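# Structural overview
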Amino acid sequence: MSKKKRIAIFASGNGSNFEAIAQACLKNRINAEVALCVCDHPGAYVTERAKKLEIPVLELRPKSFSSKEEYERKILSELKKEEVEFIALAGYMRIIGPVLLKEYEQRIINIHPSLLPSFPGVDAIGQALKYGVKVFGVTVHYVDETLDGGEIISQAAIPYDGNDREELEAMIHAREHVLFISSLKTLLN
Ligand code: GRF
């Protein structure tokens, strides 16, 4: 197999997708190494997960930068230091701007908890429940300047006819982990 790709995972919160990807890399299921965890919420649980796995963490407060451009330039310089070639957004609650998009064109992917193009943006699961759909799902897609609108890489449908949000979220998260890993495997192996 070719040399392992160095990837960064961006996350803002819990980090269950981060953990699933990092474990899959450690077990050589994905031909990649998680070189950096980027988190815009210092102290978020994802940072603990990363530290336990001895993955370097970059914790930043976006508000302490004078502009989004300056914030992303800081991230970019750390990505370069770590020789990061590919970025996975896993619950990163922020729109990627031109600085990172230009440098990592077609090399940033995101996971979203709906069957895009339905229900982009925040609280996709809540939006879908409110609408009353009976088939939920998850999407892995390339990131571009639009909100959850980049080219679709893979999707999985989850039929669900109940109204227990917790149960549904657990189903969606479990499916996300599988789909994210298989997509990364296809793209990087
Ligand atoms: C996931 O549902 C992902 O699709 C969305 O944010 C959530 C992150 O979950 N973008 P976790 O932090 O990976 O547990």
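Note that this is a predicted model, so its numbers are computed, not measured.

### Quick word on the overall build of the chain
- If you tally the helices and strands in the chain, you get six helices and seven strands.
- Element order for the chain, N to C, with α for helix and β for strand: β-α-β-α-β-α-β-α-β-α-β-β-α.
- In summary, the chain has a C-alpha radius of gyration of 16 Å against a globular reference of 16 Å for 189 residues, a match within 12%.
- With the principal axes as the frame, the chain shows a C-alpha extent of 50 × 40 × 30 Å.
- Split into buried and exposed, the 189 residues of the chain put 49% on the buried side.
- Sequence separation of 24 or more characterises 62% of the internal contacts of the chain that already satisfy a separation of 6 or more.
- Within the structure as shown, the chain displays about 9700 Å² of accessible surface, and the carbon and sulfur contribution to it stands at 52%.

### Observations concerning the pattern of salt bridges
- Per the counting criterion, the structure on display carries 12 salt bridges.
- With a shortest N-O distance of 3.1 Å, glutamate 82 and arginine 6 are connected by a salt bridge. Here glutamate 82, found in the loop between α3 (68-81) and β4 (86-89), pairs with arginine 6, found in strand β1 (residues 5-11); they are 76 residues apart in sequence, far enough to count as distant.
- Using a relative accessible area of 25% as the deciding quantity, one classes glutamate 82 as partly exposed.
- Judged by relative accessible area, arginine 6 falls into the buried class, the value being 18%.
- Within the structure, one salt-bridge network assembled from shared partners comprises Arg6, Glu33 and Glu82.

### Observations concerning the environment of leucine 168
- Among the structural elements, leucine 168 can be located in helix α6 (residues 165-188).
- Once the C-alpha coordinates of leucine 168 and isoleucine 158 are considered, the two residues, 10 residues apart in sequence, prove to be 9.1 Å apart.
- Apart from the residues lying within four places of it in its own chain, the contact partners of leucine 168 are Ile125, Leu129, Phe136 and Tyr160.

### So, the pairing of β4
- Residues Phe86 and Ala88 line one face of β4 and the alternating positions Ile87 and Leu89 line the opposite face, and both faces are buried.
- Pairing geometry for β4 and strand β5 (residues 108-112), over three bridges, is parallel. Looking at β5, one finds that leucine 89 is bridged to asparagine 110.
- For the crossover from β4 across helix α4 (residues 98-103) to β5, the handedness is right-handed.

Calculation rules
Residues numbered from 1 in each chain as written. Predicted model: local features only at pLDDT ≥ 70, side-chain atom pairs only at ≥ 80, totals over all residues. Heavy atoms only, no water. Helix = DSSP H or I, 4+ residues; strand = E, 2+ residues; numbered from the N terminus. Rg over C-alpha atoms; globule rule 2.2 N^0.38 Å. Buried < 20%, exposed > 50% of the residue type's maximum accessible area, 1.4 Å probe, protein only. Contact = heavy atoms within 4.5 Å. Areas by Shrake-Rupley, 256 points an atom, 1.4 Å probe, with all protein chains shown as cover. Salt bridge = Lys/Arg side-chain N within 4 Å of Asp/Glu carboxyl O. Pairing = 2+ DSSP bridges. Right-handed = clockwise from strand over helix to strand, strands pointing away.

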